[in-house]
Amino acid sequence: MASTQVTGTSSASFLQTNNKTVYVSLLVILSFFLLLDYVPGMHAYSAWITPPVALFLGLAFALLCGQAHPKFNKKTSKYLLQYSVVGLGFGMNLQASLASGKEGMEFTIISVIGTLLLGWLIGRKFLKVDRDTSYLISSGTAICGGSAIAAVGPVLRAKDSEMSVALGTIFILNALALFIFPMIGHALNMSQHEFGTWAAIAIHDTSSVVGAGAAYGEEALQVATTIKLTRALWIIPLAIATSFIFKSKGQKISIPWFIFFFVLAMIFNTYVLDRSEIGAQIGAGINNFARKSLTITLFFIGASLSRDVLKAVGIKPLVQGVLLWVVISLSTLAYIYWF
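Quick caveat: nothing in here was measured; it's all calculated off a predicted structure.

Cut-offs applied
Residues numbered from 1 in each chain as written. Predicted model: local features only at pLDDT ≥ 70, side-chain atom pairs only at ≥ 80, totals over all residues. Heavy atoms only, no water. Helix = DSSP H or I, 4+ residues; strand = E, 2+ residues; numbered from the N terminus. Buried < 20%, exposed > 50% of the residue type's maximum accessible area, 1.4 Å probe, protein only. Contact = heavy atoms within 4.5 Å. Areas by Shrake-Rupley, 256 points an atom, 1.4 Å probe, with all protein chains shown as cover. Expected span 1.5 Å × (residues − 1). Core = buried A, V, L, I, M, F, W, Y, C linked by side-chain atoms within 4.5 Å. Polar contact = N/O pair within 3.5 Å; in protein donor to acceptor, adjacent residues only side chain to side chain. pLDDT = per-residue confidence, 0-100. Axes fitted to C-alpha atoms, helices over the stretch in contact; angles between N-to-C directions. Parallel < 35°, antiparallel > 145°, perpendicular 65-115°, else oblique. Left-handed = near helix turned anticlockwise from the far one by under 90°. Phe/Tyr/Trp six-rings, centres within 6.5 Å; stacked < 30°, edge-to-face > 60°. Lys NZ or Arg CZ within 6 Å of the ring centre and 35° of its normal.

**Focus: the overall build of the protein chain**
Point 1. Secondary structure summary: the protein chain contains 18 helices and 0 strands in total.
Point 2. Buried residues in the protein chain amount to 48% of all 339 residues.
Point 3. Summarising the internal contacts of the protein chain: among those between residues at least 6 apart in sequence, 82% fall at separations of at least 24.
Point 4. Counting every atom, the protein chain has about 16300 Å² of accessible surface; 69% of that belongs to carbon and sulfur.

**Considering the environment of G114**
Point 1. Looking at where G114 falls in the secondary structure, it is placed in helix 7 (residues 105–126).
Point 2. For G114, a relative accessible area of 32% corresponds to the partly exposed category.
Point 3. For the pair G114 and I328, spaced 214 residues apart in the sequence, the C-alpha separation amounts to 9.0 Å.

**A closer look at helix 5 (residues 70–88)**
Point 1. The end-to-end C-alpha distance of helix 5 is 27 Å, a good match for the 27 Å that 19 residues give at a rise of 1.5 Å each.
Point 2. Listing the buried residues of helix 5 in full gives N73, S77, L81, S84, V85, V86, G87 and L88.
Point 3. Elements that come into contact with the buried residues of helix 5 comprise helix 2 (19–35), helix 12 (206–216), helix 13 (218–232), helix 15 (258–271) and helix 16 (277–303).

**Examining the nonpolar core**
Point 1. By size, the foremost hydrophobic cluster in this structure holds 46 residues, and its most contacted members are Y23, F181, M190, F195, W198, I203 and F299.
Point 2. Ranked by size, the runner-up nonpolar core spans 41 residues in total, among them I143, V152, I170 and F262.

**A word on the environment of I301**
Point 1. The residue I301 is located in helix 16 in this model.
Point 2. A relative accessible area of 16% places I301 in the buried class.
Point 3. Along the primary structure I301 and L55 are separated by 246 residues, whereas in three dimensions their C-alpha atoms are 7.1 Å apart.
Point 4. Not counting the four nearest positions on each side in its chain, I301 is found in contact with S77, F171 and S207.

**Some words on the side chain of T295**
Point 1. Topologically, T295 is positioned in helix 16.
Point 2. Among the polar contacts made by the side chain of T295, one reaches the main-chain carbonyl oxygen of R291 at a distance of 3.0 Å.

**Describing the side chain of S293**
Point 1. Secondary-structure assignment places S293 in helix 16.
Point 2. Judged by its relative accessible area of 13%, S293 is buried.

**Focus: the confidence of the model for the protein chain**
Point 1. Mean pLDDT for the protein chain: 82, with 88% of residues reaching 70 or above.
Point 2. Mean pLDDT across the elements of the protein chain ranges from a minimum in helix 1 (residues 2–17), with 59, to a maximum in helix 11 (residues 192–202), with 91.

**Some words on the packing of helix 4 (residues 51–65) against helix 16**
Point 1. At a minimum axis distance of 7 Å, the contact between helix 4 and helix 16 shows a crossing angle of 25°. As the angle between them shows, helix 4 and helix 16 are arranged roughly parallel. Where helix 4 crosses over helix 16, the handedness of that crossing is right-handed. Contact with helix 4, carried on its side by P51, A54, L55, L57, G58, L59, F61 and A62, involves T295, L298, F299, G302 and A303 of helix 16 and no other residues of that element.

**Points about the packing of aromatic side chains**
Point 1. This model, assessed by the stated rule, comprises 11 aromatic pairs.
Point 2. Considering the side-chain rings of F181 and W198, the 4.2 Å spacing of their centres and the 25° angle between planes classify their relative orientation as stacked. Taken together, the positions of F181 in helix 10 (residues 160–187) and W198 in helix 11 put the pair 17 residues apart, joining distant regions of the chain.
Point 3. Residue classification places F181 among the buried positions, given a relative accessible area of 2%.
Point 4. Through pairs of rings, three or more aromatic residues link up here, namely Y23, F61, F72, F299 and F300.
Point 5. Taking NZ or CZ as reference, K292 lies 5.1 Å from the ring centre of Y38, over its face.

Written out as structure tokens, the structure reads:
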């Protein structure tokens, strides 16, 4: 028994001591297998690297080895996600995407406002979570996870500890969503359009929404991405409203410019690339590469988790996040099936 414990301790120590080597090795392996898709006859070897697998490897690395190159990891995941989303626009038709997004628009408006109000009620009145942390969790759940928290935090003048707790809460739920939402969708026999709508509204971060949509199917990916990015535009009015509600004038508002480039990519693909066979192939190639970079992004995001983040979250903020998540997930399902 004692020898087993010693072996386990030494293995953990070895992984943590050599975490940078393990980190680089995993990145190289993931990239190698993803690029095999471009080699004729090697697609089968590349197909197993899916968004959930990449996220799981990142999570496993973070929990077993600790963080490696945290600044590089954070910065790369942020910008690579944005480039990936813009790249996905080259595989979408503007008219079809607008038709998909229009149906979920009304519920998007209702759910954003409703989630913020419900978050205030659960967080402040029921669980007694501190004001800023509760508001950040509600904002992240209502709009687009970490991006909303990052945009609203400076306007709110939130402390680093409050930002970490809110981001940690949202991150944990995002990781769970990427795994369980496709399984629930298949169990409920949801159509591609239904799942895309559900994922876009009920999952927090854009990365997990796109990952879950890609895991479910092509149409689900397009619907989920369009609705989610439309929803993400609410960051701007939310940040402005926050500055008035909490009287934090003069604070800079972080505008998610990559969303506008995503729209431009869709327009260019629809009216330029899709007009010729070569153009369509170019658009498909960019879109395919964007999906691969998104998969790598999810590894970076998973590797950003740390035991310190888990410890910092605490039970009350996590309960608030889970309750909000359950409410918005179930209400979205009700909207899809009965309205």
